[in-house]
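What follows is the residue order along each chain.
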Amino acid sequence: KDKLVSSEVRPVVEEIVATRCVMCHMAPPAWEGMPVPPKGVRLDTAEEIRRHLPQIRLQAALSRAMPPGNVTDMTAEERALLRAATAGTSPWGH
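Residues numbered from 1 in each chain as written. Predicted model: local features only at pLDDT ≥ 70, side-chain atom pairs only at ≥ 80, totals over all residues. Heavy atoms only, no water.

A separate point is the nonpolar core. If you look at the biggest cluster of nonpolar residues, it comprises 14 residues, and the most contacted ones within it are Val13, Val17, Leu43, Ile49, Ile56, Met74 and Leu82. When residues of this core are traced back to their parent elements, those giving at least two are helix H1 (9-20), helix H3 (53-61) and helix H4 (76-86). The dominant element in this core, judged by the number of residues it contributes, is H3, at 4 residues. Not counting residues up to four positions away in its chain, the partners in contact with Val17 are Val22, Leu43, Ile49 and Ile56. (Core = buried A, V, L, I, M, F, W, Y, C linked by side-chain atoms within 4.5 Å. Buried < 20%, exposed > 50% of the residue type's maximum accessible area, 1.4 Å probe, protein only. Helix = DSSP H or I, 4+ residues; strand = E, 2+ residues; numbered from the N terminus. Contact = heavy atoms within 4.5 Å.)

Pasting the structure below:
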C-alpha cells in the first residue's frame, strides 16, 4: 500500500515543505530578487507537492541540494522523515 496515502504522513510532508521549501517554490517567491520559482517548480499546493515528490525526495531527502546552503535550516530529522515518507512509493498513489 502507498505510504503517502496515509492521513498521518501527508501532513508531515506538507508541513516540512511549507516551512522549508515553499518560500522559494511559490508564485511569486518570497525571496527578494527571485522573480520566479527555481526551475519553475511550485510547491505551494498539495497537488504540486504530489507532482514533485520524486524531486523532493532526490533534492531534499536523499541529498542536501535543497534548500541551497540549507538556508531554511532543514533538520536531519526532517530529511529522515521525508526519506521514510517517500521510500518506495509513487507520488501519493499517482
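Attention shifts here to the packing of H3 against H4. Close contact between H3 and H4 brings their axes to 9 Å; oriented N to C, the two are set at 145°. Two packed elements cross with a definite hand, and for H3 against H4 that hand is left-handed. Contacts between H3 and H4 involve Leu53, Ile56, Arg57, Ala60 and Ala61 on the former and, on the latter, Arg79, Leu82, Arg83 and Thr86. (Axes fitted to C-alpha atoms, helices over the stretch in contact; angles between N-to-C directions. Left-handed = near helix turned anticlockwise from the far one by under 90°.)

Our next topic: H4. Listing the buried residues of H4 in full gives Glu78, Arg79, Leu82, Ala85 and Thr86. All buried residues of H4 lie within an arc of 130° about the axis, which places them on one face of the element. Of the exposed residues in H4, those oriented more than 90 degrees away from the buried face are Ala76 and Glu77. Buried residues belonging to H4 abut H1 and H3. (Arc of directions from axis to C-beta.)

Taken as a whole and judged by the stated rule, the model has 4 salt bridges. In this structure, Glu78 and Arg20 form a salt bridge, with 3.0 Å as the shortest nitrogen-oxygen distance. A residue pair is termed long-range when its members are at least 10 positions apart, and Glu78 in helix H4 and Arg20 in helix H1 qualify at 58 residues. Here Asp44 ties to Arg42 by a salt bridge, and the two come within 2.8 Å at their closest N and O atoms. (Salt bridge = Lys/Arg side-chain N within 4 Å of Asp/Glu carboxyl O.)

The next point concerns the packing of H1 against H4. The interhelical angle for the contact between H1 and H4, taken along N-to-C directions, is 135°, at an axis separation of 10 Å. Viewed along their axes, H1 and H4 adopt a mutual orientation that is oblique. Read as a crossing pair, H1 and H4 show a hand that is left-handed. Packed against H1, whose contacting residues are Val9, Val12, Val13, Ile16, Thr19 and Arg20, the element H4 presents Glu78, Leu81, Leu82 and Ala85 at the interface. Residues of the contact of H1 with H4, tallied by class, amount to 7 nonpolar, 1 polar and 2 charged. (Parallel < 35°, antiparallel > 145°, perpendicular 65-115°, else oblique. Nonpolar A, V, L, I, M, F, W, Y, C, P; charged D, E, K, R; others polar.)

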